[in-house]
Amino acid sequence: MPLYHVRMTRRRSRDGKPWVLRWEDPPKSGRTHQDTIGPMSAALAEQHRELWQAELNGLLGDIDADGALPWADFVERYLASAATGLQPSTLSMYRLVLARFTRVCGPRTLAQVDRALVERYRISRAADVGPWTVRKDLRTLHAIFAWAVDMELLVSNPVIKVRSHGRISRPDPDALTPEQTTRFLKVIEQQPTWIHASLRLACLWGPRVGELAAIERADIDFSSGTLRIPVTGRRRTKEGRGKTVPLDADTAGLLQELSHRDGPLLWVPLKSGEAAGGGRRYRERLWKSASAVLLGLGIRPSDGKPMQFLRRTAETNMRRRGVPDWMVGAVLGHGTRVGLEFYSGVSGPEIAGQVLKLMGDSVTRA
């Protein structure tokens, strides 16, 4: 009796590049059936293909004879569960880490995943990326396998006691100085209103690009001088909670000029006959504009990310003015530990000068 043979191909669609499984039913009959299994890594798609071929041929018990959960099934179950609680951006990161773990380690069942396999993944990642990224991947895997333990799919978490070695070095964070901030705000006055408003908001108050792209007229309270960034409907923030951003008079005036628009206020204006560009077009244009302005001032962000650089500038300038940590965290949308570790760009000489000023007469000789 002929056996089923499942082939795997990839096609383009609006949802990315999903994998498609094709087979003849009955075998060698010429009648082709297919099933789309979605975009994923080639290794994970191959596992789907093998499992489906085994099931069609009645051989699935041979692959899973010991009752262990197939790795591909575990990934599918975890992502389905995580999708009900994680933010879309976080879920995407978890999906990428799982795909990378599958490609590097290639487990066939969940039961095969142990500390040795996680250590192999850590070593492989350490050869390609920095130690902070390795630690972030390990934290993600720890959360994933903690879910497996809670669901009684694993006896213990294999990431426990897997550690990065050595002290991690981190370059000093950079941001605009007060003088550079003044020059930057002056230069962007020559930009179109939507760019001027976007970059001024990013530099002074630090909203993320996705948050800027979603701003609508109803979010602005001109009487109190505030901008509300809510979590409602399809609108999300990275931290999963809404926040309120202060508006200075000049920024509020720019937003007032754009308030006649329906929908997102800051999107790129459309020309006659031009198709809607949406949020992606806005992000691309804003990133290029910010890069050009900074380059014109002779400034190159150390991480090559101009919008993150402006967000660091917003936090740094608030700290320079003595804004308390908890207020900085509330406006920017992160905890004070995250801010102190990654975003504060106050230089060493600035800090030393502030400390000397605070110490005052106690260190002055008579």
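Residues numbered from 1 in each chain as written. Predicted model: local features only at pLDDT ≥ 70, side-chain atom pairs only at ≥ 80, totals over all residues. Heavy atoms only, no water.

Asks: I keep staring at the packing of helix α3 (residues 71-82) against helix α4 (residues 88-105) and nothing clicks. Help me out?
Replies: Helix-helix packing is described using two parameters, namely the angle between the two axes and the distance between the axes. In the contact formed by α3 and α4, the axes pass within 11 Å of each other and the chain directions differ by 170 degrees. Considered as vectors, α3 and α4 are oriented roughly antiparallel to each other. Across the interface between the two elements, W71, V75, Y78, L79 and A82 from α3 touch L91, Y94, R95, L98, F101 and T102 from α4. Looking at the contact of α3 with α4 residue by residue, the class counts come to 9 nonpolar, 1 polar and 1 charged. (Axes fitted to C-alpha atoms, helices over the stretch in contact; angles between N-to-C directions. Helix = DSSP H or I, 4+ residues; strand = E, 2+ residues; numbered from the N terminus. Parallel < 35°, antiparallel > 145°, perpendicular 65-115°, else oblique. Contact = heavy atoms within 4.5 Å. Nonpolar A, V, L, I, M, F, W, Y, C, P; charged D, E, K, R; others polar.)

Asks: Explain helix α10 (residues 249-258) to me, please; I cannot follow it from the model alone.
Replies: Spacing of three or four residues puts side chains on the same side of an α-helix, whose turn is 3.6 residues. The complete set of buried residues in α10 reads T251, A252, L254, L255 and L258. Taken down its axis, α10 places every buried residue within 160 degrees of arc, on the same side. Away from the buried face of α10 by more than 90 degrees, exposed residues A249 and D250 are located. Structurally, α10 contributes buried residues whose contacts are with α8 (193-205) and β4 (220-221). (Buried < 20%, exposed > 50% of the residue type's maximum accessible area, 1.4 Å probe, protein only. Arc of directions from axis to C-beta.)

Asks: What should I look at first to understand the environment of P158 in this one?
Replies: Counting through the fold element by element, P158 comes out in the loop between α6 (131-150) and α7 (178-187). Separated by 43 residues in the primary sequence, P158 and R115 place their C-alpha atoms 4.8 Å from one another. Setting aside chain neighbours within four positions, we find P158 in contact with V113, D114, R115, V118 and F145.

Asks: Honestly, the packing of aromatic side chains in this entry has me stumped. Any pointers?
Replies: To describe a pair of aromatic rings, one takes the distance between the centres and the angle between the planes. Taken as a whole and judged by the stated rule, the model has 11 aromatic pairs. Plain terms: the ring middles of Y78 and W147 are 5.4 Å apart, the flat faces sit at 75 degrees to each other, and that makes the pair edge-to-face. Linking Y78 in helix α3 with W147 in helix α6, this pair joins segments that are 69 residues apart in sequence. Neither Y78 nor W147 differs from the other in exposure class; each is buried. An aromatic cluster is built from W71, F74, Y78, Y94, F101, Y121, F145 and W147, whose rings are joined through pairwise contacts. Lying across the ring of W132, R135 places its NZ or CZ 5.9 Å from the centre. (Phe/Tyr/Trp six-rings, centres within 6.5 Å; stacked < 30°, edge-to-face > 60°. Lys NZ or Arg CZ within 6 Å of the ring centre and 35° of its normal.)

Asks: Would you mind showing me how to read the sheet that holds strand β5 (residues 226-229) here?
Replies: Backbone-to-backbone hydrogen bonds pair the strands of a sheet. The strands run either parallel or antiparallel. Read from one edge to the other, the open sheet built from 3 strands follows the order β4-β5-β6, with strand pairing classed as antiparallel. The open sheet terminates on both sides in strands that have one partner only, identified here as β4 and β6 (243-246). Bridging between β5 and β6 involves 4 bridges; their strand directions are antiparallel. In the strand pairing of β6, L227 is matched with V245. (Pairing = 2+ DSSP bridges.)

Asks: Please explain the side chain of D219 as it appears in this structure.
Replies: Mapping D219 onto the fold places it in the loop between α9 (209-213) and β4. At a separation of 2.9 Å, a polar atom in the side chain of D219 contacts the main-chain amide nitrogen of E216. In this view, D219 contacts A214, T226, L227, R228, P230 and R235; residues no more than four positions away in its chain are not counted. (Polar contact = N/O pair within 3.5 Å; in protein donor to acceptor, adjacent residues only side chain to side chain.)

Asks: Can you help me understand the pattern of salt bridges in this one?
Replies: Throughout the structure, instances matching the rule amount to 14 salt bridges. Note that K243 and E211 form a salt bridge whose closest N and O atoms lie 3.0 Å from each other. In this pair, K243 sits in strand β6 while E211 sits in helix α9, placing the two residues 32 residues apart along the sequence. The pair K243 / E211 is uniform in exposure class, with both members buried. A salt bridge links D325 to R319, with the shortest nitrogen-to-oxygen separation between them at 2.4 Å. (Salt bridge = Lys/Arg side-chain N within 4 Å of Asp/Glu carboxyl O.)

Asks: Teacher, can you tell me more about the side chain of R320 here?
Replies: Structurally, R320 is set in helix α12 (residues 306-320). The buried category is assigned to R320, whose relative accessible area is 19%. A distance of 2.6 Å separates polar atoms of two side chains, one belonging to R320 and the other to N317.

Asks: Explain unusual backbone geometry here, please?
Replies: Peptide bonds are trans in most cases, and residues, glycine excluded, mostly fall at negative phi. Cis geometry marks the peptide bond from D25 to P26; its omega dihedral reads 0 degrees. Examined against the element boundaries, P26 turns out to sit in the loop between β2 (19-24) and β3 (32-38). The backbone phi angle of K28 is positive, close to 65 degrees, even though this residue is not glycine. As for its position among the elements, K28 is in the loop between β2 and β3. At E152, a residue that is not glycine, the phi angle is positive and equals roughly 60 degrees.

Asks: So what exactly am I meant to see when it comes to the environment of A214 here?
Replies: With respect to the secondary-structure elements, A214 resides in the loop between α9 and β4. You can call A214 partly exposed: its relative accessible area is 21%. Put simply, A214 and L266 are 52 residues apart on the chain and 8.1 Å apart in space, counted from C-alpha to C-alpha. Filtering out sequence-adjacent residues up to four positions away, A214 remains in contact with D219 and R235.

Asks: So what exactly am I meant to see when it comes to α12 here?
Replies: Between its first and last C-alpha, α12 extends 21 Å over 15 residues, near the 21 Å set by a 1.5 Å rise per residue. Here α12 lies mainly inside the structure; 14 of its 15 residues are buried. Just past α12, the residue G322 takes up positive phi, approximately 85 degrees. (Expected span 1.5 Å × (residues − 1).)

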